[in-house]
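A look at the structure
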Amino acid sequence: MSQPPIERLEARSAEIGGGITIRRALPNRHRRTVGAWCFLDHAGPMVFDAGGGMHVGPHPHIGLQTFTWMIEGEVVHRDSLGNEQLITPGQVNLMTAGNGIAHAEDSAPGPGGRLHAAQLWIALPESERRRAPAFRNYPRLPLIETGGFSVRVLAGSAFGETSPAEVYTPLVGLDLTAAGRASLELPLEPAFEHGLITLAGSARVAGEALAPGTLLYFGPGREALSVRTEAAARVLVVGGTPFAEEILIWWNFVARTREEMVAATRDWNAGRHFGPVHGSPAPPLVAPDVSGLRLKPEPGVT
Ligand code: MN
């Protein structure tokens, strides 16, 4: 029996608020989604002076969940529902945009600090994408020690443990951290496709070298993956059932039609629908000109 496909996808650099350069592994020119995961940014690790760090002013989202995994540093989330939440290392912030929410994210004030985080988006399926917006902070996530790895279950289930993070399609998100040499046979849900990146150090996955800047993709049909490290490393695993719906991703929106993108853009730029975000030190973002938007955007426009 032939093995399911393996793809090696290169992340690209992008800039986010505060002038921070991040590595963006999804969407990718060659693959837009892994399960419902449709966006994968890796920020840091970095050290910054007073006033530095991440400062992403108020901006809107529709049709997705934003999923923030904090590794180092502290970031204040504020949203148009009135939530103000400090996220600290080891925690997940999960914001369900549904039919529309706005938020801002700022490194916590102070004499300077650190930032190391992954921020992902999860596309909402048709049946859920117009739901009311919501926000939750998850301060504690299941942790399993096995094979020299500390496995944090960020989303979905692994090793009999289930993350409390509320998601709407079958998916998984895991942080595998090794303090040194480690070797693990990671059980997989065979119906899932998977993608792995390193957040620190390097690893071998199913015999393939994995270093920063690359996403290794494994198609459905695998029951396990061997993950090995020779030295300290941190690997992020995302997976899920291949997302069956065709989605459009443009700016901060996930939708199905050009008309939805135009309406969301005009609503935000006119100050309608999404509501204000109070307390953010950074000015609101202005949506780019939507008039030239193609029905099927070229990869890499976000
Ligand atoms: Mn956002």
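Sequence positions are assigned chain by chain, starting from 1 and proceeding in written order. Two thresholds apply to this predicted model, a pLDDT of at least 70 for residue-level local features and 80 or more for giving and counting side-chain atom pairs, whereas whole-chain, interface and lining totals are computed over all residues. With hydrogens and water excluded, all non-hydrogen atoms of the structure serve as input to the side-chain values.

1. Considering the pattern of salt bridges
Criterion for a salt bridge: a side-chain nitrogen of Lys or Arg within 4 Å of a carboxyl oxygen of Asp or Glu. Using the criterion set out here, one finds 16 salt bridges in the structure. A salt bridge links Asp 41 to Arg 24; its shortest N-O distance comes to 2.6 Å. Of this pair, Asp 41 sits in strand β4 (residues 37-49) while Arg 24 sits in strand β3 (residues 20-26), and the two are 17 residues apart along the sequence. A cluster of three or more residues bridged by salt bridges with shared partners is formed by Glu 126, Arg 129, Arg 130, Glu 245, Arg 256 and Glu 260. Each helix is a run of DSSP H or I of at least 4 residues and each strand a run of E of at least 2, with the numbering of both proceeding from the N terminus.

2. Remarks on the coordination of the manganese ion
Between any two of four tetrahedral donors, the ideal angle at the metal is 109.5 degrees; between two of six octahedral donors, it is 90 or 180 degrees. Each metal's donors are the N, O and S atoms within 2.8 Å of it, or within 3.2 Å when it is Na, K or Ca, and because water is not part of the set, sites may look incomplete. Surrounding the manganese ion are the protein donor atoms His 59 (NE2), His 61 (NE2) and His 103 (NE2), which sit 2.1 to 2.2 Å from the metal. Between the donor residues of the manganese ion, the gaps in sequence give the motif H-x1-H-x41-H.

3. Here's the deal with the confidence of the model for the protein
Each residue carries a pLDDT value, the predictor's own confidence for that position, ranging from 0 to 100. Of all residues in the protein, 96% attain a pLDDT of 70 or more, and the chain-wide mean is 94. We call two residues contacting when some pair of their heavy atoms lies within 4.5 Å. Here residues 297-302 is a poorly scored stretch, pLDDT under 50, and it has 14 contacts once near neighbours within four places are set aside; other chains count.

4. Here's the deal with the environment of Ala 270
Note that Ala 270 resides in the segment after α1 (258-269). To sort residues, take the accessible area from a 1.4 Å probe on protein chains only and compare it with the maximum for the residue type: under 20% means buried, over 50% means exposed, and anything in between is partly exposed. Residue classification places Ala 270 among the partly exposed residues on the basis of a relative accessible area of 47%. For Ala 270 and Val 75, which are 195 residues apart along the polypeptide, the C-alpha to C-alpha distance reads 28 Å.

5. Section: the packing of aromatic side chains
Any two of the Phe, Tyr and Trp rings considered here, Trp counted by its six-membered ring, make a pair once their centres fall within 6.5 Å; the pair's planes then place it as stacked at under 30 degrees, edge-to-face at over 60, or tilted in between. Enumeration over the complete set of coordinates arrives at 6 aromatic pairs. Residues Trp 251 and Phe 253 carry aromatic rings whose centres are separated by 5.6 Å and whose planes lie at 80° to one another, so their mutual orientation is edge-to-face. The burial state of Trp 251 is the same as that of Phe 253; both residues are buried. Pairwise contacts between aromatic rings join Trp 250, Trp 251, Phe 253, Trp 268 and Phe 274 into one cluster. In this scheme, the term charge over a ring applies when either NZ of a lysine or CZ of an arginine sits within 6 Å of the ring centre and within 35 degrees of the ring normal. The lysine or arginine in question, Arg 31, covers the ring of Tyr 217, its NZ or CZ lying 3.7 Å from the ring centre.

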